Amino acid sequence: MDSGGGSRGQPMLEKRSSHRERHFTAGEVVRDVIMGVSDGLTVPFALAAGLSGASAPSSLVLTAGLAEVAAGAISMGLGGYLAAQSEADHYKREMKREQEEIITVPDTEAAEIGEIMAQYGLEPHEYGPVIDGLRRNPQAWLEFMMRFELGLEKPDPKRALQSACTIALSYVIGGLVPLLPYMFISTAQNAMLTSVGVTLVALLFFGYIKGRFTGNRPFTSAVQTAIIGALASAAAYGMAKAVQAR
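Thresholds, definitions, all that
- Residues numbered from 1 in each chain as written.
- Predicted model: local features only at pLDDT ≥ 70, side-chain atom pairs only at ≥ 80, totals over all residues.
- Heavy atoms only, no water.
- Phe/Tyr/Trp six-rings, centres within 6.5 Å; stacked < 30°, edge-to-face > 60°.
- Helix = DSSP H or I, 4+ residues; strand = E, 2+ residues; numbered from the N terminus.
- Buried < 20%, exposed > 50% of the residue type's maximum accessible area, 1.4 Å probe, protein only.
- Salt bridge = Lys/Arg side-chain N within 4 Å of Asp/Glu carboxyl O.
- UniProt positions renumbered as here; feature names shortened; annotations may be inferred.
- Axes fitted to C-alpha atoms, helices over the stretch in contact; angles between N-to-C directions.
- Parallel < 35°, antiparallel > 145°, perpendicular 65-115°, else oblique.
- Left-handed = near helix turned anticlockwise from the far one by under 90°.
- Nonpolar A, V, L, I, M, F, W, Y, C, P; charged D, E, K, R; others polar.

J.: If you had to explain the packing of aromatic side chains to someone new, which residues and values would you point to?
T.: Tallying each qualifying case throughout the model produces two aromatic pairs. Note on Phe144 and Phe148: the rings are 4.8 Å apart at their centroids and 35° apart in plane angle, and the pair reads as tilted. Of this pair, Phe144 and Phe148 both sit in helix H6 (residues 138-149), four residues apart, roughly one helical turn. A relative accessible area of 12% places Phe144 in the buried class. Overall, Phe148 belongs to the partly exposed group, its relative accessible area being 40%. For the pair Tyr208 and Phe219, a centre-to-centre distance of 5.3 Å together with 65° between the ring planes defines the contact as edge-to-face. Taken as a pair, Tyr208 in helix H8 (residues 188-214) and Phe219 in helix H9 (residues 218-245) lie far apart in primary sequence, 11 residues in all. Judged by relative accessible area, Phe219 falls into the exposed class, the value being 63%.

Structural data, given as structure tokens:
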């Protein structure tokens, strides 16, 4: 009986041990890519459309577009770096303050652990040993309070530089797409029409991929992204035509 039960239980244990949970953990990188590519596709596209509406030659549109891509990549990358650095500085300040509170008012901090545990439906006799264990380990106590009281995750020290590079590179890749037709077509109006087609396809593709990664409906995300890019370029083109008409 026991041997039969053991033989039946063993495959179950093996099946459980072979289970590997797959969670998407590159959320920050994806966020940076989305930010860089979406702006890269939209802003140079709108600029090129606006200049084409003003009857500028393809060479001028291309030159202005490349300059904008370079400036935009630097600006976006710097913004990403400063944002990530600000998050790291904020974490350090909050950690220092929490560490001081653990030292100066440990009973108050311990009571806050109980309040956090109670939010998950635990009773005092259930979370009491947890509090005692954390009080014996100040570093674990500090990390617990940072995560569950303040909702802060320890930032990667390389995060700021990685964010800057990811956003800048993504912006360059996205920005070159609407400018490619101007490299091969000398007439700005013809280049613009080709650019519209190429960029809309790129926006649809990027929106679909973005939807897959973010958990949204891919086709809805694709259409929304394409509409935003189309509206931005149409607005820039219309403004250029309006100014030219004066």
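What follows continues from the structure just given.
J.: Can you tell me about the pattern of salt bridges, naming the residues and giving the values?
T.: What the rule picks out here adds up to six salt bridges. Between Glu98 and Arg97 there is a salt bridge whose closest N-O contact spans 3.9 Å. Overall, Glu98 belongs to the buried group, its relative accessible area being 0%. A residue is classified by how much of its surface remains accessible, and Arg97, at 32% relative accessible area, is partly exposed. Several salt bridges share partner residues, and in doing so they unite Glu94, Arg97, Glu98 and Glu101 into one network.

J.: Break down the UniProt feature "transmembrane region" (unreviewed entry) in the protein chain for me, with residues and values.
T.: Feature annotation in UniProt places "transmembrane region" (unreviewed entry) on residues 60-84, 164-185, 191-209 and 221-240, given in this structure's numbering. Between the end C-alpha atoms of residues 60-84 the distance is 36 Å, and the span holds 100% helix and 0% strand.

J.: So, the packing of helix H3 (residues 58-104) against helix H7 (residues 159-184): which residues are in play, and what are the values?
T.: Following both chains from N to C, one finds H3 and H7 inclined at 165°, their axes separated by 7 Å at the closest point. Classified by the interaxial angle, the pair formed by H3 and H7 is roughly antiparallel. Crossing hand, H3 versus H7: right-handed. Considering only residue class, the contact of H3 with H7 consists of 19 nonpolar, eight polar and two charged.

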